[in-house]
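Take a look at the letters that make up each chain.
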Amino acid sequence: MSAASFHEMWTGLLPIGRDASTGGYHRHAWTGADADCRAWFAAQAADRGMVCETDRNGNQWAWLGDPAGSDAVAIGSHLDSVPGGGAFDGPLGVVSSFAAIDELRHRGVEFTRPVAVANFTDEEGARFGLACVGSRLAAGQLAPDAARALRDADGTTLAAAMERAGRDPEAIGADPERLGRIGAFVELHIEQGRALDLTGSPVGIASAIWPHGRWRFDFHGEANHAGTTRLTDRRDPMLTYAATVLAARQEAAAAGALATFGKVSVEPNGVNAVPSLVRGWLDSRAAEQSTLDALVAAVESAARDRAGRDGTRVDVVRESFTPEITFGDGLRDTLSRLLGDQVPVLATGAGHDAGILSAAVPTAMMFVRNPTGVSHSPAETADEDDCVAGVTALADVLEGLACA
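Residues numbered from 1 in each chain as written. Predicted model: local features only at pLDDT ≥ 70, side-chain atom pairs only at ≥ 80, totals over all residues. Heavy atoms only, no water.

What to know about the overall build of the protein
(1) Moving on: Tallying secondary structure elements over the protein gives 13 helices and 15 strands in all.
(2) Moving on: Taking 22 Å as the expected radius of gyration for a compact globule of 404 residues, we find that the protein reaches 22 Å, a close match to that expectation.
(3) Moving on: Its C-alpha atoms give the protein principal-axis dimensions of about 80 × 45 × 40 Å.
(4) Moving on: Evaluated residue by residue, the protein yields a buried proportion of 54% over its 404 residues.
(5) Moving on: In the protein, 77% of the contacts between residues at least 6 apart in sequence involve partners at least 24 apart.
(6) Moving on: Total accessible area on the protein stands at roughly 16,400 Å², and carbon and sulfur atoms take up 50% of it. (Helix = DSSP H or I, 4+ residues; strand = E, 2+ residues; numbered from the N terminus. Rg over C-alpha atoms; globule rule 2.2 N^0.38 Å. Buried < 20%, exposed > 50% of the residue type's maximum accessible area, 1.4 Å probe, protein only. Contact = heavy atoms within 4.5 Å. Areas by Shrake-Rupley, 256 points an atom, 1.4 Å probe, with all protein chains shown as cover.)

Thoughts on the packing of aromatic side chains
What characterises a pair of aromatic rings is the spacing of the ring centres plus the angle enclosed by the ring planes.
(1) Moving on: Evaluated as defined, the whole model comprises 11 aromatic pairs.
(2) Moving on: When the centroid spacing of 5.8 Å and the interplanar angle of 85° are considered together, the rings of Tyr241 and Phe261 count as edge-to-face. Here Tyr241 is found in helix H9 (residues 237-255), whereas its partner Phe261 is found in strand E9 (residues 258-267), with 20 residues between them in sequence.
(3) Moving on: An aromatic cluster is built from Trp61, Trp63, Phe120 and Phe185, whose rings are joined through pairwise contacts. (Phe/Tyr/Trp six-rings, centres within 6.5 Å; stacked < 30°, edge-to-face > 60°.)

Considering the environment of Ala307
(1) Moving on: With respect to the helices and strands, Ala307 occurs in helix H10 (residues 289-310).
(2) Moving on: Remark: the alpha-carbon pair of Ala307 and Arg216, spanning 91 residues in sequence, is separated by 16 Å.
(3) Moving on: Excluding residues that lie within four positions of it along the chain, Ala307 makes contacts with Thr240, Thr312, Arg313 and Val314.

Section: H9
Each α-helix winds once per 3.6 residues, and so residues spaced three or four apart point in a common direction.
(1) Moving on: With 19 residues, H9 should reach 27 Å at 1.5 Å per residue; the first-to-last C-alpha distance of 27 Å fits that figure.
(2) Moving on: Among the residues of H9, those classed as buried are Pro237, Thr240, Tyr241, Thr244, Ala247, Ala248 and Ala252. An end-on view of H9 places all buried positions within 130° of arc, on one side of the element. Opposite the packed face of H9, turned more than 90 degrees from it, sit the exposed residues Leu246, Arg249, Gln250, Ala253 and Ala254. (Expected span 1.5 Å × (residues − 1). Arc of directions from axis to C-beta.)

Structural notes on the pattern of salt bridges
(1) Moving on: Considering all chains together, one arrives at 26 salt bridges under this definition.
(2) Moving on: Salt-bridge contacts for Asp34 lead to Arg38; the nearest nitrogen and oxygen are separated by 2.9 Å. Of this pair, Asp34 and Arg38 both sit in helix H2 (residues 32-47), 4 residues apart, which is roughly one turn of that helix.
(3) Moving on: Judged by its relative accessible area of 7%, Asp34 is buried.
(4) Moving on: For Arg38, a relative accessible area of 12% puts it in the buried group.
(5) Moving on: For Asp102, the salt bridge is made with Arg48, and the minimal N-O distance between the two is 2.8 Å. You can see Asp102 sitting in helix H3 (residues 91-107) and its partner Arg48 sitting in the loop between H2 and strand E1 (51-54), a full 54 residues away along the chain.
(6) Moving on: Given the relative accessible area of 11%, Arg48 is considered buried. (Salt bridge = Lys/Arg side-chain N within 4 Å of Asp/Glu carboxyl O.)

Quick look at unusual backbone geometry
Generally, phi is negative for residues other than glycine and the peptide bonds are trans, each holding for most cases.
(1) Moving on: Note that the residue after Glu267, namely Pro268, is joined by a cis bond; omega there is 0°.
(2) Moving on: Checked against the element boundaries, Pro268 lands in the loop between E9 and strand E10 (273-274).
(3) Moving on: Not every positive phi belongs to a glycine, and Asn269 is a case in point at roughly 65°.
(4) Moving on: In this fold, Asn269 is placed in the loop between E9 and E10.

Focus: the sheet that holds strand E7 (residues 212-220)
(1) Moving on: In spatial order, the strands read E9-E11-E7-E12; together these 4 strands make up an open sheet with antiparallel pairing. Two strands lie at the open edges of the sheet, namely E9 and strand E12 (313-322), each paired on one side alone. In this sheet, neighbouring strand axes are inclined to one another by 20° on average, regardless of whether the strands run parallel or antiparallel.
(2) Moving on: The pairing of E9 with strand E11 (residues 277-285) spans 9 bridges and is classified as antiparallel. In the sheet register, Lys263 faces E11, and the bridge partner there is Trp281.
(3) Moving on: Across the face of the sheet, H10 comes into contact with E7, E9, E11 and E12 while running at roughly 160° to E12. (Pairing = 2+ DSSP bridges. Axes fitted to C-alpha atoms, helices over the stretch in contact; angles between N-to-C directions.)

As for the nonpolar core
(1) Moving on: Formed by 52 residues in total, the largest nonpolar core has its most connected members in Trp40, Leu92, Phe98, Val186 and Met366.
(2) Moving on: Broken down by element, this core gets its largest block of residues, 9 residues, from helix H13 (residues 384-402).
(3) Moving on: Ignoring anything within four residues of it in the chain, the contact list for Phe98 reads Met9, Trp40, Phe41, Gln44, Ala45, Arg48, Met50, Ala62 and Val117. (Core = buried A, V, L, I, M, F, W, Y, C linked by side-chain atoms within 4.5 Å.)

Okay, structure coming up:
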């Protein structure tokens, strides 16, 4: 039952937002592809007789039992993607959640607690630059005014994008009443790394999420002609940016942490022009807060030192930050009991909606083996047998939590 249900849903979802030339996905918040994913989610809920609703922050909920009931068990993940992302990051958790419900119905068990499957909006932050917007708003960790003012690369605000999609941006904000009705949230996700592959286990349990954040570095210089301006006369921010990228790699390696400049914009962005502004975004993560703080400080210091030599200027803005998340021992231990003590327990450097919600709701995470460790790429993959093992494990957890 699990294999057939999973395969049918997975095949139906795969084409949405897929770039035929690269195989990558572009399912960004409040776009046409996002609307198609939402329609797919609503259709899956309807096929199972579930009540589907969208909260004021754009998160979708498909309910079995009374949506207004208490002590509900929620499962799910997200359907949006990074630019050119893989098929599994997020959607695996949503598809597996519906498949787990199918599996439990096939087993003939009766639910004693309300159950919800969730699709959280804009988890990746690919369009507006801030991750986990839907869960942050619901948990009261993002001010509505700040959310409405977020802009994409074309200057469109989140508020305008929501309006175009038929949603009311003035209604967004903390949702303590809804979250207060949820007694547990369990998110299944493909592992973004190879720890499970090295253990030989198809499924694992999360212990913690590393502290992580995003910093914007603005490198200011002077626009000039690339063909006439002597090298010694230039104030080229691209040099400062390039040196900072190398420094970030060096400092991260020395600290045993991670630092990545993965996004950059240039003004005026002309082949024959010395830039006036180079804007780069640093993503940095570490196992400990003190390590992360020291790493970012070292990268900023290196940038300012190089700027002094290049005749440029650097401004640094922290755009988002998530402290270390340790999943509560109670629910995590329950998962270990339900799945067996042999299931590996591991930390991750990747952020997730479960981490955001953990401040308001008891949360836990499960991982499905990634044989290559590649993620945020069209090469991201998981064996279907492992995916089905993940569905079975999630069904076992859901049976233990909501059918007892």
